[in-house]
There are 2 protein chains.
Amino acid sequence: MRVLILCGGSGTRLWPISRKKSPKQFAKIFNNESLFQKTIKRNLTLANRFSIIVNELQLPLCQKQVQELGVEEKCDFLIEPVGRNTAPAIALGALHSKKDETLLVLPSDHLIKNQTEYERCVSLASQFASEGNLVTFGIKANYPETGYGYIEADGNAVKSFKEKPDAMTAQKYLDAGNYLWNSGMFCFKASTYLRELENHSPEILTASQKTYDQKLIQSSIITFKLENMNSIPSDSIDYAVMENSQKVKVVPSDIAWTDLGSFDALYTELDHDSNGNTKNDNNIYFQSENNLVLGGKRLIATFNVEDLIIVDSEDALVIGKKGESQNVKKIVEELQKRESHLLI
Amino acid sequence: MRVLILCGGSGTRLWPISRKKSPKQFAKIFNNESLFQKTIKRNLTLANRFSIIVNELQLPLCQKQVQELGVEEKCDFLIEPVGRNTAPAIALGALHSKKDETLLVLPSDHLIKNQTEYERCVSLASQFASEGNLVTFGIKANYPETGYGYIEADGNAVKSFKEKPDAMTAQKYLDAGNYLWNSGMFCFKASTYLRELENHSPEILTASQKTYDQKLIQSSIITFKLENMNSIPSDSIDYAVMENSQKVKVVPSDIAWTDLGSFDALYTELDHDSNGNTKNDNNIYFQSENNLVLGGKRLIATFNVEDLIIVDSEDALVIGKKGESQNVKKIVEELQKRESHLLI
């Protein structure tokens, strides 16, 4: 099996930790490991080859983190000078694979804590994939999240894909029990994906094939040309393939998954001291409780504060209230207005 | 008149802004001016000569700030390799003056906002000084502060000096109306101070005289020798002279004075925007109110927080609750235990 890791994203929900040049998947927030590194480690016993699809801005950081794990010889890097969403990225990865190779397609910025269950789900998905299916992983919803798309499932069959719901609809999905979060993780044979892409979005396949044929190779680094990439229609795998294919299966996955889409989500995943503050022996917490504190190289000291989000980075400092971390986007919007270099 | 500015202190109540190497009097917290610079500017029309008593660690910063004001030719610097409290420091300043010169002795870290009234008080003090008195400035108390000493006054006569009181006694002083805060500002002729020092603490005068006689002179920089300084008994002007002298007068001063002894005190003195946050066009305050925010070169952004103290420095970040800023000392104590370089 080959793992295809999609590193292209650069979300701002965890700004200032997550930036264009150093998006959240490369931030070392868990015991000096990044989510990208955790993604590789999670799959080392499952796969013998990793194709990492990454923006050229992020390549140096990405390579450094691969080297830290000592797995350079298992990895190649597919460099996108510009992102065209997931359908083309996966097409390029599939074209770079052997036809009958099974691909496990993974975002690089998720946290999965139940490794045993994860391996069981991948094994099942791999079996469906070998039978010519496009397999998606559906996460068992445990609250009515409105930020994800949903998959209406019937066992391993997919009845329908659903857009991000409003709060009332999300609650209905949760109550129904057979609606799963669309995780963005997939499993299929390279040939299956390319055939289904040809069936449902042939113009993406054609342009991707041309892009792949004109690639530049430098040992393990494969670089695609900007003018070729620009000619590929930008689309997600969901819209371009999954929602139209008759060959789709879902594996319901209860794997303690999170996409760490906010500082509030991050707080619950980090280790705390007995007062609920983020563990850090350098910091000083005086009469302070339940604070998320992300540093930095500098000492952080607090007194008499609770339920704060404190995020310290080299050039920006964010302090907010827990439970309100969606408002980080308000700060990012203001910085966009200012055309601030702090977003890069 | 000669102004004697005492720059020796390095309090930690405003840590991390206030450090051994860069104590609060040199921090540029008011429109890019330091309290030391404000002290000089406040007296430029009153005095033609400034003697600045400063620790050698702080000399470079002190000189730079004098140069920024363009008043180098009015200043000389008396360098103490080690501090011996105020009585010896003032003795060295007095020995460096002409005998009949009037000295206005000032701490470097106070804020005085009523300049007109300040000038009136100095003028009155100067008149008492010319008549051979030791004059102290007593600040009209407007709340029962327990952190200052008090002067029991009867008009311009001093009935007694009082140690820092407990809360109940402080309230009694406030109610009585004739108890003034001991500000640490003084006015007298050089010869008066030296004579009274001889009367009440002759060993300080003798050792100070020897120290002054063996000084090193490099243009406007007068340096005292460490072994000489070490031989001077360490004592405050209050204990060594004022509390024992019969020649003491007080000038009750209603001059909008503060010694900025805490971040809470600092908050009230800084400019705020319409939401009560410290004015700073670089910062972003989203749904945030009444926060003290002291930067730094870095952007500081907040969301949904109120009544916080946020102090960002090069190598340390402090976040606490307004109204609790005395707990900064708890953080400093912890750093002392760790023998942290962050205190230097």
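Refer to the preceding data block for the structure.
Residues numbered from 1 in each chain as written. Chains lettered and ligands numbered in written order. Predicted model: local features only at pLDDT ≥ 70, side-chain atom pairs only at ≥ 80, totals over all residues. Heavy atoms only, no water.

Novice: Hey, could you go over the packing of aromatic side chains for me, with residue numbers and the actual values?
Specialist: Residue and element names in this part refer to chain A. Here the structure, examined in full by the defined rule, presents 18 aromatic pairs over all chains. With 5.4 Å between their ring centres and 70° between their planes, Tyr148 and Trp257 make a pair best called edge-to-face. With Tyr148 in the loop between strand E6 (134–140) and strand E7 (150–154) and Trp257 in strand E13 (residues 257–258), the pair connects residues that are 109 residues apart, well separated along the chain. You'll find Tyr148 and Trp257 in the same group, each marked buried. (Phe/Tyr/Trp six-rings, centres within 6.5 Å; stacked < 30°, edge-to-face > 60°. Helix = DSSP H or I, 4+ residues; strand = E, 2+ residues; numbered from the N terminus. Buried < 20%, exposed > 50% of the residue type's maximum accessible area, 1.4 Å probe, protein only.)

Novice: How would you explain the interface of chain B and chain A if you had to name every residue and give the values?
Specialist: On the chain A side, the residues contacting the 38 residues of chain B number 38 residues. Summed over both sides, the interface of chain B with chain A buries roughly 2,900 Å², with 69% coming from carbon and sulfur. If you look at where chain B meets chain A, you find 2 salt bridges. Ionic pairing is found between Asp312 of chain B and Arg298 of chain A, a salt bridge with its closest N-O pair at 2.8 Å. Those elements that provide at least two residues to the side of chain B that touches chain A are strand E14 (284–286), strand E16 (299–303), strand E17 (308–312), strand E18 (316–321) and helix H11 (328–337) of chain B. Across 5 bridges, the pairing between strand E16 (residues 299–303) of chain A and E18 of chain B is parallel. (Contact = heavy atoms within 4.5 Å. Buried area = accessible area lost by both parts, 1.4 Å probe. Salt bridge = Lys/Arg side-chain N within 4 Å of Asp/Glu carboxyl O. Pairing = 2+ DSSP bridges.)

Novice: Report on the relation of the copies chain B and chain A, specifying residues and quantitative values.
Specialist: Placing chain B over chain A gives an RMSD of 0.0 Å and needs a rotation angle of 180°, together with 0.0 Å of translation along the axis. Each copy turns onto its partner about a two-fold axis. The share of interface residues of chain B whose copies in chain A are also at the interface is 100%, consistent with both copies meeting through the same surface. (Least-squares fit on C-alpha atoms with pLDDT ≥ 70 in both.)

Novice: Describe the environment of Glu56 of chain B, and please don't skip the residues or the numbers.
Specialist: Residue and element names in this part refer to chain B. You can see Glu56 is positioned in the loop between strand E2 (49–55) and helix H2 (59–69). Given the relative accessible area of 46%, Glu56 is considered partly exposed. Each C-alpha atom, one on Glu56 and one on Val318, is 28 Å from the other, the two residues being 262 residues apart in sequence.

Novice: Give me the lowdown on helix H1 (residues 35–42) of chain A, citing residues and values where you can.
Specialist: All names here are of chain A. The element H1 is extensively covered by neighbouring structure, given that 6 of its 8 residues are classed as buried. Of all the residues in H1, the buried ones are Leu35, Phe36, Gln37, Thr39, Ile40 and Arg42. Close packing links the buried residues of H1 with strand E1 (2–6), strand E2 (49–55), helix H2 (59–69), strand E4 (102–107), strand E5 (111–112) and helix H4 (115–130).

Novice: Account for helix H7 (residues 202–213) of chain B, naming residues and giving values.
Specialist: All names here are of chain B. Here H7 spans 16 Å end to end across 12 residues, near enough to the 16 Å set by a 1.5 Å rise per residue. Residues of H7 that are buried: Ile204, Leu205, Ala207, Ser208, Thr211 and Tyr212. Each element contacted by the buried residues of H7 is listed here: helix H3 (86–95), helix H6 (190–200), helix H8 (226–230) and helix H9 (237–242). (Expected span 1.5 Å × (residues − 1).)

No statement about biological role is implied by the geometric values presented.
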